[in-house]
Amino acid sequence: MSIPVFASTAKDLPKPLADKCPTVVAEFEKAYGSKPDFVARSPGRVNLIGEHIDYADFSVLPLAIDVDMLCAVKALDEKNPSITLTNADPRFAQRKFDLPLDGSYVTIDPSISDWSNYFKCGLHVAVEFLKKIAPAKFEKAPVKGLQVFCQGNVPTGSGLSSSAAFICAVALAVIRVNMGDDYQVSKKDLTRITVVAEHLVGVNNGGMDQAASVCGEEDHALYVEFKPELKATPFKFPALKNTEIQFVIANTLVVSNKQETGPENYNLRVVEVVAAANILAKKYGVVLKHIGPSNLNKGNLRDFMNAYYAKYMNVPEPWDGDVTTGIERLNKMLELVEETFGAKQGGYTVDEAAADLGVSSDEFTKEYLTSFPVRFQVLKLYQRAKHVYSESLRVLDALKVMTGTSFEKDEDFFKTFGGLMNQSQASCDKLYNCSCPEIDRICEIALANGSAGSRLTGAGWGGCTVHLVPAEKVESVKKALIDQYYKVKFPEITEQQLEDAIIVSKPALGSCVYTL
Ligand code: NG1
Ligand code: MG
């Protein structure tokens, strides 16, 4: 399926486009003195359940939401192509840079944290793609220069994937500008290429955000699978008898910037789970075969599950995503985690991890600790591996609840799905250590005032929380959060800031183009 393209004159223009595109076009004109060619848009996302498992290739349940990034662009016809970036948000000053004439890539300096870096990431993966699909044109020559006007309302550093929204919109724009209006990029290609884009700024992320941003559909959540191949299946929430299901998203307003804190949190977790997978593999005498971009290319916990089943259970084919077999295998993995790491819950030093892997400490450092910078005392392999397998189990349970089960009473749905969300939060907090006091406080208040399930969403360590709330309780949850969290922690907070901090969003449309 290709990325939808909407003409500005279309009758049933989707709401995010109808509401925002005319303004972005007008702002572009103000900034550059002429109309843009088109607007590329991509939304943020919230993850309902399945945290920190995408980089182990386990499936997740996110949905695109109606905060988004819009990029109005105009191609330049120049001998010395350059890119000019203007942002509606005054925190992000204008940037201009040249495109190398020999068609090589624009350099990205991941050591500085600048908004244009995300543009460059999107540009980089788009150029790489163009070189593949039209080598004669793009191998040795630059892509077209651009004027760009960006306008976004995904809060940054808050776990709603502002970075993915931006990068996906940029990659979409660059492909369209250079391939022309007749070429329609597929959702699959756009997801595939953008998944690895943030690696260029030093974040070793999985693919959930890009899949959700690109593939979002109105009124649908997504079941995103990474193996055997990348697939986002839209599904509807179950229809209840007397109420509607709402997801309230509340921002802690504590910003977590992965480029700055990644060495102690996000990137370190990736190292921990990859090390855990390889120690398991060593102990059970299997070889991990890993294909794909989503970790240190050393095999992950899913690869281990497959290798173990091939060797000991006579199941040579890798797990295909089937729910029943998945539940059985993940439970088996949890037993092996106890067996392997249970006696060392205090964590592993470099020397201990290296010894269990049968390599020298230097080799371990080189192989695991250098491609992305990390800082730590010990590696908490037991806790991290247990989180990944148990969280993946909860996703399968949640999928069953969302799609297969019909509920006698509405409250049974809230109890079951909400219960899984609460377990997920407990596991993120206790095993993965990615919660923080502000997240804990918000969850506590929401649960006491009508939420059926409350948890962090995205990477954690700050950022946003998500709450499953029956429609009639939304107002009481909001009010309690305002009175007991926001006004207490931020006495100076303005009405506008409060309004932005709590979002009640319906599942929204993913990446799309708006033409003039
Ligand atoms: P956020 O923090 O929302 O950008 C990050 C990762 C995801 C996933 C989640 C945790 C990036 C770009 N994205 O999301 O791939 O691993 O954390 O589930 O880092
Ligand atoms: Mg991000």
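Below is a short write-up of the structure. Just so it is clear, the structure is predicted and the values come from calculations on it, not from any experiment.

## Concerning the site of ligand 1
- With respect to spatial proximity, 17 residues lie near ligand 1, and among them Arg45, Glu51, His52, Asp54 and Tyr266 are the closest.
- For ligand 1, an oxygen atom lies 3.2 Å from a polar atom in the backbone of Gly159.
- Tyr266 places a side-chain nitrogen or oxygen 2.6 Å from an oxygen atom of ligand 1.
- Starting from 440 Å² of accessible surface for ligand 1 in isolation, the protein chains cover 98%.
- Here the shell around ligand 1 is built from residues that sort into 5 nonpolar, 6 polar and 6 charged.

## Focus: helix H9 (residues 301–312)
- Given a rise of 1.5 Å per residue, 12 residues ought to cover 16 Å, and the 16 Å separating the end C-alpha atoms of H9 matches this to within 8%.
- Most of H9 is tucked away, with 9 of its 12 residues classed as buried.
- Among the residues of H9, those classed as buried are Leu301, Arg302, Asp303, Phe304, Met305, Asn306, Ala307, Tyr308 and Tyr309.
- Among the structural elements, helix H8 (266–283), helix H10 (323–341) and helix H13 (381–403) are those in contact with the buried residues of H9.

## Details of the pattern of salt bridges
- The full count for this structure, using the stated rule, is 26 salt bridges.
- For Asp68, the salt bridge is made with Lys20, and the minimal N-O distance between the two is 2.8 Å. Of this pair, Asp68 sits in strand E3 (residues 61–76) while Lys20 sits in helix H1 (residues 15–32), and the two are 48 residues apart along the sequence.
- Take Asp68: its relative accessible area is 1%, and that puts it in the buried class.

## Digging into the sheet that holds strand E5 (residues 95–98)
- The sheet built from 7 strands is open, its strands ordered E1-E13-E2-E3-E6-E4-E5 with mixed pairing. The open sheet has two edge strands with one neighbour each: strand E1 (5–7) and E5. The sheet shows a mean angle of 20 degrees between the axes of neighbouring strands, direction not considered.
- With 10 bridges connecting them, strand E2 (residues 38–49) and E3 associate as antiparallel partners. What sits directly across from Val39, in E3, is Ala72.
- Helix H6 (residues 208–215) rests against E2 and E3 of the sheet, and its axis sits at about 125 degrees to E2.

## Regarding the sheet that holds strand E12 (residues 502–504)
- Pairing is antiparallel across the open sheet formed by 4 strands, whose spatial order is E10-E11-E9-E12. Here the strands that pair on one side only, and so sit at the sheet edges, are strand E10 (453–456) and E12. Across this sheet, the average inter-strand angle for adjacent strands is 20 degrees, counted without regard to direction.
- Pairing analysis gives 3 bridges linking strand E9 (residues 245–251) to E12, with the strands arranged antiparallel. Across the sheet, residue Ala250 finds its bridge partner in E12, namely Ile502.

## So, the pairing of strand E7 (residues 221–225)
- Here E7 lies mainly inside the structure; 5 of its 5 residues are buried.
- Burial of E7 is two-sided: the residues Ala221, Tyr223 and Glu225 facing one way and the residues Leu222 and Val224 facing the other way are all buried.
- With 5 bridges connecting them, E7 and strand E8 (residues 231–235) associate as antiparallel partners. Paired with Glu225 across the strands is Lys231, a residue of E8.

## Some remarks on the packing of aromatic side chains
- Throughout the structure, instances matching the rule amount to 22 aromatic pairs.
- Ring geometry for Trp115 against Phe166: centres 6.0 Å apart, planes inclined by 20 degrees, an arrangement best described as stacked. With a gap of 51 residues between them, Trp115 in helix H2 (residues 115–133) and Phe166 in helix H4 (residues 162–179) connect regions that are remote in the sequence.
- We classify Trp115 as buried; its relative accessible area is 8%.
- Measuring from centroid to centroid gives 5.8 Å for Phe413 and Phe417, while their planes differ by 10 degrees, and the two rings are stacked.

## Considering the packing of H8 against helix H11 (residues 350–357)
- One way to put it is that H8 packs onto H11 with a least axis distance of 8 Å and a crossing angle of 40 degrees. Relative to H11, H8 is oriented oblique. Residue-level inspection shows Asn278, Ile279 and Lys282 of H8 in contact with H11, the latter providing Ala353, Asp356 and Leu357.
- Of the residues contributing to the contact of H8 with H11, the split by class is 3 nonpolar, 1 polar and 2 charged.

What counts, and where the lines are drawn
- Residues numbered from 1 in each chain as written.
- Chains lettered and ligands numbered in written order.
- Predicted model: local features only at pLDDT ≥ 70, side-chain atom pairs only at ≥ 80, totals over all residues.
- Heavy atoms only, no water.
- Near = heavy atom within 4 Å.
- Polar contact = N/O pair within 3.5 Å; in protein donor to acceptor, adjacent residues only side chain to side chain.
- Areas by Shrake-Rupley, 256 points an atom, 1.4 Å probe, with all protein chains shown as cover.
- Nonpolar A, V, L, I, M, F, W, Y, C, P; charged D, E, K, R; others polar.
- Helix = DSSP H or I, 4+ residues; strand = E, 2+ residues; numbered from the N terminus.
- Expected span 1.5 Å × (residues − 1).
- Buried < 20%, exposed > 50% of the residue type's maximum accessible area, 1.4 Å probe, protein only.
- Contact = heavy atoms within 4.5 Å.
- Salt bridge = Lys/Arg side-chain N within 4 Å of Asp/Glu carboxyl O.
- Pairing = 2+ DSSP bridges.
- Axes fitted to C-alpha atoms, helices over the stretch in contact; angles between N-to-C directions.
- Phe/Tyr/Trp six-rings, centres within 6.5 Å; stacked < 30°, edge-to-face > 60°.
- Parallel < 35°, antiparallel > 145°, perpendicular 65-115°, else oblique.

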